Amino acid sequence: MTQEETLAEFRDAGALLEGHFILSSGLRSPVFIQKMFVFQDPVRTERLCRALAKKVEDAFGRIDVVVSPAVGGIVPGYETARHLGAKAIFVERVDGQFELRRGFVIPQDARVVMVEDIITTGLSSRECLAAIGRYSANVVGAACLIDRSGGKADIGAPLVSLAQIEIPAYPADQLPPELAAIPPVKPGSRGLKA
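Everything in this summary refers to the structure shown in the same document. Residue numbers here run from 1 along each chain, matching the order of that chain's written sequence. For this predicted model, a pLDDT threshold of at least 70 governs which residues receive local features, and a threshold of 80 or more governs which side-chain atom pairs are given and counted, while totals over whole chains, interfaces and linings are taken from all residues. Side-chain metrics rest on all non-hydrogen atoms present in the structure, leaving aside hydrogens and water.

**Digging into the nonpolar core**
Then step 1. Residues grouped as a nonpolar core are buried Ala, Val, Leu, Ile, Met, Phe, Trp, Tyr and Cys residues, joined through side-chain atoms within 4.5 Å. Remark: exposure states derive from per-residue accessible area (1.4 Å probe, protein chains only) relative to the maximum for the residue type, with buried under 20%, exposed over 50%, and partly exposed in between. Residues Phe10, Val56, Ile63, Val66, Leu145 and Ile146 are the most contacted members of the largest nonpolar core, which totals 31 residues.
Then step 2. Those elements giving two or more residues to this core turn out to be α1 (3-12), β2 (28-33), α2 (35-39), α3 (42-60), α4 (74-84), β6 (111-119), β7 (138-147) and β8 (159-164).
Then step 3. A helix here means a DSSP run of H or I that spans at least four residues, while a strand means a run of E at least two residues long, and both kinds are numbered starting from the N terminus. At six residues, α3 tops the list of elements feeding residues into this core.
Then step 4. Contacts between residues were defined by any pair of non-hydrogen atoms, one from each residue, lying within 4.5 Å. Setting aside residues no more than four positions away along its own chain, leucine 145 makes contact with Thr6, Phe10, Phe39, Leu48, Leu52, Pro76, Glu116, Asp117, Ser161, Leu162 and Ala163.

**Digging into α4**
Then step 1. Where α4 is concerned, the buried positions are Pro76, Gly77, Glu79, Thr80, Ala81 and Leu84.
Then step 2. Buried positions along α4 lie against α2, α3, β3 (65-69), β4 (87-94), β6 and β7.
Then step 3. Immediately downstream of α4, the backbone of glycine 85 shows phi near 70°, a positive value.

**Description of the packing of aromatic side chains**
In this description, an aromatic ring pair is defined by two values, namely the gap between the centres and the angle between the planes.
Then step 1. Two rings from Phe, Tyr or Trp (for Trp, the six-membered ring) form a pair when their centres sit within 6.5 Å of each other. Planes less than 30 degrees apart are called stacked, planes more than 60 degrees apart edge-to-face, and all others tilted. Under the counting rule described, the total for this entry stands at two aromatic pairs.
Then step 2. Aromatic side chains phenylalanine 21 and phenylalanine 32 sit 5.6 Å apart centroid to centroid with 35° between the ring planes, which places their arrangement in the tilted category. Taken together, the residues span a long stretch of sequence, with phenylalanine 21 in strand β1 (residues 16-22) and phenylalanine 32 in strand β2 at a distance of 11 residues.
Then step 3. Here the aromatic rings of phenylalanine 90 and phenylalanine 104 are separated by 5.2 Å at their centres, their planes lie at 75°, and the arrangement is edge-to-face. Residue phenylalanine 90 is located in strand β4, and its partner phenylalanine 104 is located in the loop between β5 (97-100) and β6; the two are separated by 14 residues in the primary sequence.
Then step 4. It is arginine 93 that lies over the ring of phenylalanine 98; its NZ or CZ is 4.2 Å from the centre. By the criterion adopted, a ring carries a charge over it if an Arg CZ or a Lys NZ lies within 6 Å of its centre and within 35 degrees of its normal.

See the structure below:
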């Protein structure tokens, strides 16, 4: 699947929103990628994650375990793992830090890839990889559907994505006037109460 085909899937799902958005990182952006509009369609999700699994396999070889950050990474992590013939688990925040819960374990020397939905600054990805690093796993790389940093986010592992685009993001005190004129909304999941 090409980058344009990937973005077309998001456009067709109505998942590329314009306005003034507060991202999970706290940065502000005129564009928000509402991946849940994609994930509500199992056929579309399957197409995207099958393509991502192919890129993962081509880049990293055999994968034993896919680990994703909750909440946004669970669906693409599971579906990508299904196409890789791998197990799918996820980390959750406990006292603000990602941890494996629910009895999830990573077998020693397992070949692990971290799968995300959208990467902006790479913060969640770095935190997820740090949690995985507390186990004796062989983290071979990371993958996401869309890297909206244009390849600039340093997550601490080799990264493959279906689309790599650069969407502007600004600190709240450095907004361009046209963005500052629009009331902000926070559509993401970080900061939700349990």
